[in-house]
Every structure is written in C-alpha cells, then in structure tokens.
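The lines below spell out each chain.
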Amino acid sequence: MGELLTVNMGPQHPSTHGVLYLELKMDGEIVVDCKPHLGYLHRSIEKIAENRTYTQFIPYTDRLDYLASMNNNLCYCMAVEKLLNVPVTDRAQYLRVIIAELNRAISHLVAIGTFAQDLGAYATPLFYAFRDREKIMDLFDSICGARLTYNYMRIGGVSADIPVGTEQLIKDFIAYERKMLIEYNELLTYNVIFLARSKKIGILSKEVAANYSVSGPILRASGVKWDLRKEEPYLVYDKFDFDVPVGTNGDSWDRYKVKLDEIEQSLRIIEQAIGGIPEGNPVSKVNRVFRGTGEVYLRTENPRGELGFYLVAEGGFMPYRCKIRSPSFSNLSVLPELIKGLNISDAVCVLGSLDIVMGEIDR
Amino acid sequence: MITILLKGAAALGFISLSAMFLIWLERKVSAWIQNRMGPMMTGFQGTLQPVADTIKLLLKEDIVPTGVDFFSWWLAPFFVTVPVVMAFLVIPFSRNIFVLDLNVGVLYICSITSVCVLGIFMAGWGSNNKYSLLGGMRSAAQIISYEVPLLLSVLLVVMQSGSMSMQGIIQAQAHGWFILKPHLALAFLIYFISATAEVNRVPFDIPEAESELVAGYHTEYSGMKFAMFFVAEYTNMFIISAIATTLFFGGWQGPFLPGVVWFLLKSYGLVFFLMWMRWTLPRVRMDQMMSFAWKVLTPIALLNLLVSGWFMVK
Amino acid sequence: MQNSEVLQKIKNKFPDIVVEELPNALVIPKKALLDIARFLKNDMSFENCHCVTAVDRKDKLELVYHLYSTADHFMLTLKTMVPLDDLTVETVSLLWRSADWLEREVFDLFGIKFLGHPDLRRIMNPDEWTDFPLRKDFKSANLIVRPQSQGLKG
C-alpha cells in the first residue's frame, strides 16, 4: 500500500446530489476511508421554528426534502394536529393520501433518473423521468399554485379543494405511467451493463441497517418488510390494499428496483382512493391561530424514509422546540461503512442509490 | 507534389466540415432520443449551431492553470489531433478520390491512431489535477487493452482479402461484402466494440466520466484547446466508421449512386449507430471493461482467427 | 406495550435508580443513562435509536432519546436532565450507530459533550465556531426574536 491520495468529492460535483462534501482517502482507485462533511445547506430551520406560529412554519417544511414537499407538509401538520387535538375531515384525509402518493411517485422518478445518470446513462433516463414528472407538477400547479414547494397542507386539512377535472387527469396519468414503467424496465432495469454496475455493489445487511436506523426504500431493499403505512397506519391507509416491495440482497440494484416497484404501488393506492373520495369540505373550520401545551413525536413514511417531527409546546403561539428527524440524515451516516473498499465508480453508484436530499440533512 | 498538397488540403477541409456536421448531428440525435428538439434557433433546424460554437470557442479566454507541466499540457491537444488528421491519408472515399493508396494502408491507420493515447496521457498528467490524472491513466489502460482485439479482427480481414491496402480490400469485396460471411461478421462485432472503446465513447467513456471525474483528462482545458480535443474525438469516430465501412461493408461499392455517396452514407450510418448507443446505454466500470477486453474479446478474436485461418488454408 | 411496563422492567433491573414517569416520557438520572440504555437495547427489544435531541429549559438542558422497538411497535421517550454547569453525558453511539451523528448534532447546536464519542466535532456549523445556536440565550445580530403577541388574537 503506497501513499494515500486525498480526493475531495464536492461540495460542487455532478454526482453528490446536492452540496455534500466527501473527503475520500484513496489507494489508487480504491476508497480506503470516507468522511462526509455536512452543513453547506444549513439554514437553521429548527431555530426559525421557535420564532414562527404553527401555520407560518408550514412553508419552511417544504424546503426540507424539496423533492417530496407534500409529504413533509403532511408530517408536520399531522404532528401539530396530534399535539393540539385538531380534527380533520374525511375528504381532507383522502385528498392528503392521494396527493402524498402522487408526490411519492414523482420523487422516486427523480431518484431513478439521477441514479441512471450517475451510472453513465447520460441524461436519457433522466429526461424520460422528468417528462413524467412534468404531468404531475402541472397538476399540482393547478391545485396549489406551485411546482416544487407546495405549502398545500394546513393544520386541520388542506388549503383548498381540488379543482374540477383533477380526478380525470389523475386517472389519465395512472394509465400513462403504467405504460412508462414497462419502458423503464426495458431500458434500464434488466440492461446487462446496468446490472453489472449495480448488482452486489454496496450491500447493506439487515443488522447494520437496524443499527444505523436506516429507513424507507433502502431498508426494504435489504430485505426488511417494514413500511409505516402498513405497520402503524395513519390517515386512511388502512382502507387501501397495496403491497410493500422488498429486495433480496440489499445491493444498489435492489434499492433501485424497490423504488420502481413502489411507484406502481403508489399508483394502486391512488386508483383505489380516487374512486371514493367522500364529499365534504377539506378546508376545515378550526381556529386560525393555534396555541397549546404538551409534546409529541410523530413519524410518517416519506419517499426517503421515516420523517419525524418532535414538537414541544409551552402554551405560546409558537412551538418551544421543533426537532426534525430527517430520514436522509440517518441514511447518509451509513455511507462510510458501505463504500470502504470500493472503486470510486462504485462509490458514486452507492451514493446515488442512497437517494439523499441535502435539504433535509442540513436543514 | 502539388496534387498531394491539394489533396491534403481537401482532406483538411473535409475534416473541418465533417466535425461541424457531427457536432450538429450529435445534438440532434440526442435530442430526438430524449424527447426534445435540440438546436432550433441558429439557422434552419440549428444547422448553424456548430458555427456559433466554433466562434464562441475561438473567442474564449485561454485559461492556463498554475502548476501545469509546460510541454505535456501544451502539446497534448496536438498529440491527439494530428494523428487523427494523418489517418485521413488513406481513407478511400471512392475509386478515384483518396489522398494516397499505401500498400500498407491498414497497418498505417492502426498504428497512427495509437499515438492518440500519448496525447491523452500527457493531458492527464500535465494538468496538475488529481481527477485528470485518474482519467488519463484509465484512458491509457483502456486504449492499449482494446488495441489487441481490434488488430486481431482487422488481421482476419487482411487474411481474407490478401492485401493490406484499403483499395485492395475493397476490390476483394467486389463479389460480396465481408459482413455477409459469418467469421467476418463476428470479426466486425469485435472490431466495432473495440473501436468504441478506442474512441472513448459510451459504454466505454470512463476517461471522461462526467459523474465521477468531472471531465476527466480534459478538465483543465478551455477555449480552442478544448475544441481540439473534441474535433479529434468526433473525427476519430468518423475514421473508425470509415474503416469499418472499408473493411466490412464494401467501401464505396454500391449500385446507381456514385461511390462517394455510398461511402459517406455507410460511414455516417455507423456514426449514427455510435451516437444511438451513447444516449441509451450506461457506462461500464473500469475493471469490468478491462476484464471484458482481455478475458472475452481477445480469446474470441484469437479463436475466430485460428478457425477461419484453418478453413482458409484447407 | 406501555410506558408503565417499561418503567416496571427498569425498576426490576435497577432498583436503586429513581425513574420518574411523565405522561409522555420516562426521566432517568444522567449517571444511569448508559446502563439503562444498554439494558433497553440488549435485554428489551429497543434496537432502533430513532432520534436524539435536546431542549433548552433555561436552567438546564433536557436531553431526549426516542427509542423504537420494532417487535412491539412501541416508541419510548427517554429524557435526562443535564445541568448547565456539567454539560457532559455518556455516549450511546457505541450501542446504536445512528446516535453517532445525532449526538454530534446535539453537541453542535447545544454544546453537550458526549464522553467516549468516536468523533465528536461539529456537524452542520463551521468547525471554528464557539457558539451554540439552539440555546435560548443565543445572541446574534442576525437573530430577531419576535414578541409573542404580534397582534394575534386567539
């Protein structure tokens, strides 16, 4: 073993999925040690939370995991509802489920597209994934006015009802996306080069995953059948029939395949929900200003894992402490274990398959 | 003497035009595959885009990073471009249109294009940048490894036609293109895969793997030097397609249309196929690529050579 | 499973440690943290350390652990009080690897030192900083604390 080469990957790098700085010590092409440096996107959101009312904080939750804004909004609103005992109408629950699952589908599309790009399938799968994403972003645009950071959920419901014609648009999208999923399988999933690049790379075992508190598709790819929507159902998820895709080996290919299968399961949930949205007013009439005491820790299944909000209220208009337990934070902490002894090409592959978003890691 | 100079000048002119056409073609092909339009504003369907790109690159500031090794860094673009231009000496555009018909044409082309690897390695080492160094080393290993199956498949064509000159090989295909014979079809497959690796195209574009190494060996180049690397890459693509056309597809032979048109059609057809591959497939990893060259392609090429040779002697 | 059940098991194992039961959490003394954590992980089924955080209670810092038991589907909230004049706690990152980065974050934002931590340095703020931002007495020219009422009627 000769002299070790220190390679700085990031913070500006085409493959680090945001501003992540990895200090790699390499022996030739093999990674010997990896030290992630975080904080390039730290915006002190938790401190800001102590200085905003409960409703004013909702737009800040959009900017945590900006690829799954609706799901972040949902988790925060549910946490506040549990803390302050705010009721939610049935229609709002169904709408929340549909919107959250649509957001899960498009978030996984980004993960798939960028993973293929990291492996060198330069831009083509990414363009196809984003073409599908555009349809849903236009839909969200018509519902809440924004394409990426939605600020749609409110404490006690949603901010506005869905416009006329949305249900038909969603049904069309489901039919279209099922055709596209077949195309992704043909183009990428069983491609010889793709398999050679991602099979048996970065194997995460169940024990290591449990110890590092890994959650989400990464945990399921390692063979653990754990989905909060099934284990501790929230909203109306217990009314719908869907599977939880599980991988076998815990390598990068499994992580990719689980995400692809989850898109199909999300489409199933949406299909079942669209048929029976109850009538009512999703914008429920509650106090405009919330205050209360107590504390709550609530977690939901985000596209990237289990997002948790720990809220402490001391009677004022603003929370006393808001801690955001982000899934990508714990998922990223397992990276140094996974890439020791791998090529730099494989390190890029593993990092891409972990699907992290720096917005929620640095907060 | 004058005719040679004129022919050389014509070849240079063709290279420039061809490079510009290929730049436009790459952008259009990638756009069509990715469900978008590509350049549309500069000229009809973006045909003046390469002109705009050239003017832009000529006007760019030539940034010289500190600490570069003078000779390596400055001379590297030339070591990459000049061999590619020199290979044009023996490309047979038609029965009468070519610069020279060396009777060791094939040998000449294969040896002259190998000099490119020197240029890449000089670029990687002289740039004073760890990423470039990694890219340069990878590229050198890749090109040298894939030379072997390439030459073995070309050797089979030489055996079949009995001549090393480009025109001679084309004459030998007067009764049927070599691609139609099974052992030579296999040789074409091996040739094409190795040639893709020679020109650093996906799935073998590890030396310039953007997602891992930023831009590999040409990270530190800007302006006209960068343009030279690119012209060299696109022209190299054309050269390997031209060689494949000559060796396996009958060169300029074909009914009705003049020879030049057939030759260009076939060559650019293969170039289109190269581009199609680039925008569809992911990239192979370094060690997988090396083991593929040495453990799969070379044994198959050798076996092919042995068996065909035995049948020929019989 | 309920908090009282966990409380009973801890009392059985550690009879001389005072464990207080709040509506949502169990409060244990600081010196018993590592022993109880080890007991919870190895003998009870809390194999998932979901979240580690702290709350500034002005006269002390409250360190909060959220431990999850997958087998029993139960989230346990464990609290321990850290006095301001002795801001050191034993680390649990050798039991649960997820606590590694979470404890670094608590150190970065609150200043609690974790004894025995393999690599205790700041995680989000610059390494040269000396301040602890999430404390209630954090002063900065950029921080404007809004008064509570702000014209809100509720």
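Residues numbered from 1 in each chain as written. Chains lettered and ligands numbered in written order. Predicted model: local features only at pLDDT ≥ 70, side-chain atom pairs only at ≥ 80, totals over all residues.

## A word on the overall build of chain B
Step number 1: Assigned secondary structure in chain B consists of 12 helices and 0 strands.
Step number 2: Scanning chain B from its N terminus toward the C terminus, one meets helices and strands in the order α-α-α-α-α-α-α-α-α-α-α-α.
Step number 3: Against the globule reference of 20 Å for 314 residues, chain B gives a C-alpha radius of gyration of 20 Å, in line with a compact fold.
Step number 4: Along the first, second and third principal axes, the C-alpha atoms of chain B reach 65 × 45 × 45 Å.
Step number 5: Of all intrachain contacts in chain B linking residues separated by at least 6 positions in sequence, the fraction that spans at least 24 positions is 77%. (Helix = DSSP H or I, 4+ residues; strand = E, 2+ residues; numbered from the N terminus. Rg over C-alpha atoms; globule rule 2.2 N^0.38 Å. Contact = placed C-beta atoms within 7 Å.)

## What about the interface of chain A and chain B?
Step number 1: If you look at the interface, chain A gives 27 residues, while chain B gives 21 residues.
Step number 2: At the level of secondary structure, the elements contributing two or more residues to the side of chain A that touches chain B comprise strand E1 (5-9), helix H4 (90-118), helix H5 (124-144), helix H7 (192-198) and helix H14 (344-354) of chain A.
Step number 3: Of the residues that constitute the side of chain A that touches chain B, the class distribution is 15 nonpolar, 7 polar and 5 charged. (Nonpolar A, V, L, I, M, F, W, Y, C, P; charged D, E, K, R; others polar.)

## Focus: the environment of C:Glu103
Residues and elements named next belong to chain C.
Step number 1: Relative to the helices and strands, Glu103 is located in helix H3 (residues 98-110).
Step number 2: By the C-beta count within 10 Å, which is 26 here, Glu103 ends up buried.
Step number 3: Sequence spacing of Glu103 and Lys60 is 43 residues, and the spatial spacing of their C-alpha atoms is 18 Å. (Buried ≥ 20, exposed ≤ 12 C-beta atoms within 10 Å, placed from the backbone.)

## Some words on unusual backbone geometry
Residues and elements named next belong to chain A.
Step number 1: The phi dihedral of Leu235 falls on the positive side, at around 45°, and the residue is not glycine.
Step number 2: Residue position: Leu235 is located in the loop between helix H10 (228-231) and helix H11 (252-275).
Step number 3: Assessed through the 19 C-beta atoms surrounding it within 10 Å, Leu235 is described here as partly exposed.

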